[in-house]
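Spelled out from the first residue to the last, the chains are:
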Amino acid sequence: QVQLVESGGGLVQAGGSLRLSCAASVRTFGSYAMGWFRQAPGKEREFVAAISRGDAATYADSVKGRFTISRDNAKNTEYLQMNSLEPEDTAVYYCAASSSRLPIGVLVRVGHYAYWGQGTQVTVSS
């Protein structure tokens, strides 16, 4: 079974930065597409960013130019660098993994990820 553990969340002021990490237990990390999603209180879980097995990346419009997704296959780790944080970025952030062979555009959908981490809280104060 794939296990994902997020870390790096916290409380920051608007305009600040955080880097989230997602450590995966799988031996074949490079065969998984990885994504980040977030969920604010009372709202549905929404797409933030995804990165394919070939390192192609896609982002939600709300975070383009501010967030950067990356992966280090040698360390079985996915990252989300978040800059210029805004109060609307406040949410629980979840790491997700998909073993399916899907086009990058499909990876924006929650339903295409079989494995999820426990989430890490990001709070941005105004």
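Student: Looking at this structure, how should I read the pattern of salt bridges?
Tutor: Any two side chains of opposite charge can pair, given that their charged atoms come close. A complete count under the given rule lists five salt bridges for this structure. Between R38 and E46 there is a salt bridge whose closest N-O contact spans 2.8 Å. The exposure class assigned to R38 is buried, which follows from its relative accessible area of 4%. Assessed through its relative accessible area of 38%, E46 is described here as partly exposed. For R66, the salt bridge identified is with D89, shortest N-O distance 2.8 Å. Placement of the pair is R66 in the loop between β6 (57-59) and β7 (67-72) and D89 in the loop between β8 (77-82) and β9 (91-98), with a sequence separation of 23 residues. Residue R66 shares its accessibility class with D89, and that shared class is buried. Linked through salt bridges whose partners overlap, the residues forming this network are R38, E46, R66, E86 and D89.

Student: Just checking my understanding: could you explain the layout of surface pockets for this structure?
Tutor: The probe, sized like a water molecule, is rolled over the atoms to show the empty space still left. The space that makes up the largest pocket amounts to roughly 150 Å³. If you trace the largest pocket, you find it lined by R38, Q39, A40, K43, E44, E46, S62, E88, T90 and A91. Partitioned by chemical class, the residues of the lining of the largest pocket number two nonpolar, three polar and five charged.

Student: Help me understand the packing of aromatic side chains in this model?
Tutor: Any pair of aromatic rings gets described here by the distance separating the centres and the angle formed by the planes. Here the structure, examined in full by the defined rule, presents five aromatic pairs. Between Y32 and Y115, the aromatic rings sit 6.2 Å apart at their centres with planes inclined by 70 degrees, giving edge-to-face as the arrangement. You can see Y32 sitting in the loop between β3 (18-24) and β4 (33-39) and its partner Y115 sitting in strand β10 (residues 115-116), a full 83 residues away along the chain. Arranged with centres 5.7 Å apart and planes meeting at 70 degrees, the rings of F37 and F47 form a pair that is edge-to-face.

Student: Got a minute to help me understand the pairing of β7 in this structure?
Tutor: Put simply, side chains in a regular strand alternate between the two faces of the sheet. Here β7 shows a clear split, with F67, I69 and R71 buried on one side and none of T68, S70 and D72 buried on the other. As paired strands, β7 and β8 are joined by six bridges and run antiparallel to one another. Bridging across to β8, I69 finds its partner in L80. Between β7 and the antiparallel strand that follows it, β8, lie four residues; N76 among them carries a positive phi value of about 50 degrees.

Definitions and limits used
- Residues numbered from 1 in each chain as written.
- Predicted model: local features only at pLDDT ≥ 70, side-chain atom pairs only at ≥ 80, totals over all residues.
- Heavy atoms only, no water.
- Salt bridge = Lys/Arg side-chain N within 4 Å of Asp/Glu carboxyl O.
- Buried < 20%, exposed > 50% of the residue type's maximum accessible area, 1.4 Å probe, protein only.
- Helix = DSSP H or I, 4+ residues; strand = E, 2+ residues; numbered from the N terminus.
- 1 Å grid on protein atoms, 1.4 Å probe; cavity = no way out; pocket = protein on both sides within 12 Å on 5 of 7 lines; lining within 4 Å.
- Points joined across faces, edges and corners; volume = space filled by probe spheres on them.
- Nonpolar A, V, L, I, M, F, W, Y, C, P; charged D, E, K, R; others polar.
- Phe/Tyr/Trp six-rings, centres within 6.5 Å; stacked < 30°, edge-to-face > 60°.
- Pairing = 2+ DSSP bridges.

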